[in-house]
Amino acid sequence: MKGREATTPGWLGILPGTALVVLFLIPFGIMLAVSVAQRETGGFYQWGFDLSGYQRFLSAFFGGVLLTSVGIAAGTAAIAVALALPFTVILAGLSRRTQTAILVVLLSVLSLSEVIVGFSVSTLLSQTAGVGNILAWLGLTAEARAYTPSLFALMTGLTYLSFPYAVLVLYPPVARLDPELAQAARTMGASPLRTFFSVTMPLLRAPLLGALILVFVFALGSYLLPQVLGRPEHWTLSVHITDQAIYQSNLPFAAAMAAFLLLVALAMVGVALLLAREKGDRA
Amino acid sequence: MTSRLGRAYVALVLILLALPILVVTGVSLNGGQALRFPPQDPSFRWYGELFRAADWLGPLKNSLVIAAVASLISVAVALPLALHAWGRGGWLSRVLYTLGVAPFMLPPVITALGFLVFWVALGMYGQMAATILSHGIFLVTLPLVTISLGLRAIDPALLEAARTMGATRGQVLRTVVLPLVLPYVVSGYAFAFVLSLNEYIIAYMVAGFTVETLPIKIFNSLRYGYTPIMGVVSVLFVLLAVLVYGTIGVFGNLPRLMGADRVEDR
């Protein structure tokens, strides 16, 4: 549509532009301002330039929280993507009907509230209604026991929540892969597994890395599962941000932590998007 | 081409995904207070309870109102933005588009805290309008992505034909473009609706103590012990999601909506 009137009138962008700037950028700006505000005991805060919120990052407590969050999120990303990659490759080769049905299941699980996933997984791992019960009934364990709260329960819940996300992130690049490449390998006598590892995997290196990062950021944002399924030592940065903001009434410190998380997430998402673009250029 | 082993793997994963939901469904059918699986003296008692018990009916209404209005706001922001980006391009459109997609890429707690300080500054902290507007902006991403996809699928020849026959810009938009993207607008609304219903942290940070939504209610009740009614809400939410996505899957092309370019119509 070059050299002629654009398809849409120019004023059309004003409404969404204003809405996003006012309701999205300004809140972030205020948050950054609050992160350097002075904390007032009992109340909220007073504007100022106080870096004590950021200084607390250097404490051993904060270091521990950060390490826990990163460890849990990285573990989740690795497990979810490892499970999702073969799943997605097989999914993309199925008929459209089957693909649609499986996508409906994945989307439904993905949009489930963290509260509901937490409740479901903790019920599944509980003493009276779940795995413990079944194992005892089978005679594998002496008596039914609960497997929650624990790190295992938390990782199960996070993987449950992240797996559909990982599949949906991997789905476009995998579906775009030329099926003839794998077919050619198979015709020349390569086994399905060998084809997967020597043809499919290398083609997907960039999307895989991108998916790992996106799932990592996704898991980093989990807030309820650590509280429902984990123990206090498994609380992530997201939990501590809310805890500081709501229960400790320390908005400046909460905002400083959020600003830090924002920087980390932005940098990582940026890298992931670059990886996706690079791939798109080559294709 | 897909080996039997591969199909077995997919089936196994799907069973694992269904397992917690299966257990929760069983739990929701318990006749008594206790969460037992398999359920004891099964009945639908707690399903009625959700719509009778005042302390659950309030959150249910809140959730539905918030989701219905917030998704409308999302679409109202996303539709002109998608049209603008599609029709004009340029760096400003790209910046706006990125802004629209950003809330979804970041850990939601950041957005939630941003909204918290924003509404505190405006004096609207704790009001339902704040929750609705926050959800509306947070969920813009979904209709934005679906509508943009729909616009990109429009054959330029159609627009050309309409123009050649003398249609003005407004007429082309109204009579050609909008009807073609309408299904994508509707699916965008549906996506946003389901996600708003399930959203916890923003609703909690913005007005968690005054405007209780169903997820907040469930989480608050978890502390005082589990009741089958939580299972009921979970089952209903799962059913609603399956219904919405299933409808989109039947009438639309879900694989394409999720980014697959070459799905054969088999």
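Look above for the structure.
Residues numbered from 1 in each chain as written. Chains lettered and ligands numbered in written order. Predicted model: local features only at pLDDT ≥ 70, side-chain atom pairs only at ≥ 80, totals over all residues. Heavy atoms only, no water.

Chemist: Even after reading the chapter, I still don't get the overall build of chain B, so can you show me in this structure?
Modeler: For chain B, the count of helices and strands is 13 helices and zero strands. Listed N to C, the secondary structure of chain B is α-α-α-α-α-α-α-α-α-α-α-α-α in terms of helices and strands. In terms of overall dimensions, chain B has a C-alpha envelope of 70 × 60 × 30 Å along the principal axes. Here chain B holds 266 residues, and the buried ones make up 54% of them. The contacts in chain B between residues at least 6 apart in sequence include a share of 71% that link residues at least 24 apart. Roughly 11500 Å² of accessible area belongs to chain B as shown, and the carbon and sulfur atoms make up 68% of that amount. Taking the 17 positively charged and 10 negatively charged side chains of chain B as two groups, their mean positions are separated by 4 Å. (Helix = DSSP H or I, 4+ residues; strand = E, 2+ residues; numbered from the N terminus. Buried < 20%, exposed > 50% of the residue type's maximum accessible area, 1.4 Å probe, protein only. Contact = heavy atoms within 4.5 Å. Areas by Shrake-Rupley, 256 points an atom, 1.4 Å probe, with all protein chains shown as cover. Lys, Arg positive; Asp, Glu negative; His and termini not counted. Charge placed at Lys NZ, Arg CZ, Asp CG, Glu CD.)

Chemist: Would you mind going over the overall build of chain A with me for this structure?
Modeler: If you tally the helices and strands in chain A, you get 13 helices and two strands. Out of the 283 residues belonging to chain A, those deemed buried represent 52%. In chain A, of all internal contacts separated by at least 6 residues, the share reaching a separation of at least 24 is 67%. In the structure as shown, chain A presents an accessible area of about 12700 Å², 66% of it carried by carbon and sulfur atoms.

Chemist: Sorry, what's going on with helix α5 (residues 108–122) of chain B here?
Modeler: Side chains three or four residues apart in an α-helix point the same way, a direct result of the helix having 3.6 residues per turn. All names here are of chain B. A rise of 1.5 Å per residue sets the reference length of α5, with its 15 residues, at 21 Å; its end C-alpha atoms lie 21 Å apart and thus fit the reference within 8%. By the criterion of burial, α5 is predominantly enclosed, with twelve of the 15 residues buried. Residues Val109, Ile110, Thr111, Ala112, Leu113, Gly114, Phe115, Leu116, Val117, Phe118, Trp119 and Val120 constitute the buried set of α5. Following α5 by one or two positions, glycine 123 has its phi on the positive side, about 80°. (Expected span 1.5 Å × (residues − 1).)

Chemist: What should I look at first to understand the packing of helix α9 (residues 169–198) of chain B against helix α12 (residues 228–251) of chain B in this one?
Modeler: Relative orientation and spacing of two packed helices are given, respectively, by the angle between their axes and the distance between those axes. All names here are of chain B. Closest axis-to-axis distance for the α9/α12 pair is 10 Å, and the angle between their directions is 165°. Between α9 and α12, the angle falls in the class roughly antiparallel. In the crossing of α9 with α12, the sense of the turn from one axis to the other is left-handed. Contacts between α9 and α12 involve Ser187, Ala190, Phe191, Phe193, Val194, Leu197 and Asn198 from the former and Phe237, Leu240, Ala241, Val244, Tyr245 and Ile248 from the latter. (Axes fitted to C-alpha atoms, helices over the stretch in contact; angles between N-to-C directions. Parallel < 35°, antiparallel > 145°, perpendicular 65-115°, else oblique. Left-handed = near helix turned anticlockwise from the far one by under 90°.)

Chemist: What is the right way to read the nonpolar core from this model?
Modeler: One recurring pattern in soluble globular proteins is that nonpolar side chains are buried together. One finds Phe87 and Ile241 of chain A together with Trp56, Leu113, Tyr200 and Met258 of chain B to be the most contacted residues of the largest nonpolar core, which totals 185 residues. Considering every element that reaches this core, the biggest residue donor is helix α7 (residues 151–176) of chain A, with 15 residues. What tryptophan 56 of chain B contacts, discounting residues up to four positions off in sequence, is Leu50, Leu214, Lys217, Ile218, Ser221, Ile229, Met230 and Val233 of chain B. (Core = buried A, V, L, I, M, F, W, Y, C linked by side-chain atoms within 4.5 Å.)

Chemist: Explain the interface of chain B and chain A here, please?
Modeler: Often, the extent of an interface is quoted as the loss of accessible area on bringing the components together. Taken together, the contact pairs 95 residues of chain B with 91 residues of chain A. Across the chain B to chain A interface the summed buried area is about 8500 Å²; carbon plus sulfur atoms make up 76%. On the surface where chain B and chain A come into contact, there are zero salt bridges. The tally of links between chain B and chain A comes to nine residue pairs in polar contact (both at pLDDT 80 or more). (Buried area = accessible area lost by both parts, 1.4 Å probe. Salt bridge = Lys/Arg side-chain N within 4 Å of Asp/Glu carboxyl O. Polar contact = N/O pair within 3.5 Å; in protein donor to acceptor, adjacent residues only side chain to side chain.)

Chemist: Quick question: what am I supposed to make of the environment of isoleucine 241 of chain A here?
Modeler: With respect to the helices, strands and loops of the structure, isoleucine 241 of chain A is situated in helix α12 (residues 237–247). C-alpha of isoleucine 241 of chain A to C-alpha of alanine 84 of chain A: the two residues are 157 residues apart in sequence and 30 Å apart in space. Among all residues touching isoleucine 241 of chain A, those that are not within four sequence positions of it are Ala254, Met257, Ala258 and Leu261 of chain A together with Val109 and Leu113 of chain B.

Chemist: Got a minute to help me understand the pattern of salt bridges in this structure?
Modeler: Charged atoms that come close allow side chains of opposite charge to pair. All names here are of chain B. All told, the structure shown has three salt bridges over all chains when counted by the stated rule. Between glutamate 49 and arginine 52 there is a salt bridge, with its nearest N and O atoms 3.6 Å apart. Highlighted residues: glutamate 49 and arginine 52, both in helix α2 (residues 45–52), separated by three residues, approximately one helical turn. Where arginine 163 meets glutamate 160, a salt bridge forms, and the shortest distance between an N and an O atom there is 3.7 Å. Of this pair, arginine 163 and glutamate 160 both sit in helix α8 (residues 156–164), separated by three residues, roughly a single helical turn. On the basis of relative accessible area, glutamate 160 is assigned to the partly exposed category, the value being 35%.

Chemist: Help me understand the side chain of threonine 88 of chain A in this model?
Modeler: Its place among the elements puts threonine 88 of chain A in helix α3 (residues 60–92). Sequence-distant contacts of threonine 88 of chain A, defined by excluding residues within four places in its chain, comprise Val167, Leu170, Tyr171 and Val174 of chain A.

Chemist: In this structure, what is going on with the side chain of threonine 100 of chain A? I would like to understand it.
Modeler: Tracing the backbone shows threonine 100 of chain A in helix α4 (residues 96–111). Threonine 100 of chain A has contacts with Gly249, Leu254 and Pro255 of chain B, leaving out every residue within four places of it along the chain.

Chemist: Looking at this structure, how should I read the environment of glutamine 227 of chain A?
Modeler: Within the element layout of this structure, glutamine 227 of chain A appears in helix α11 (residues 225–229). Residues within four places of glutamine 227 of chain A in sequence aside, it is in contact with Trp235 and Val239 of chain A together with Phe219 of chain B. Looking at glutamine 227 of chain A, its side chain comes within polar contact range of the main-chain oxygen of tyrosine 223 of chain A, at 3.1 Å.

Chemist: For this particular structure, what's the right way to read the environment of leucine 154 of chain A?
Modeler: Residues and elements named next belong to chain A. As for its position among the elements, leucine 154 is in helix α7. Under the relative-accessibility criterion, leucine 154 is labelled buried at 0%. Each C-alpha atom of the pair leucine 154 and glutamine 46 lies 38 Å from the other, and the pair is 108 residues apart in sequence. Residue contacts for leucine 154: discarding those within four places in its chain leaves Ile72, Leu225, Pro226, Leu229, Gly230 and His234.

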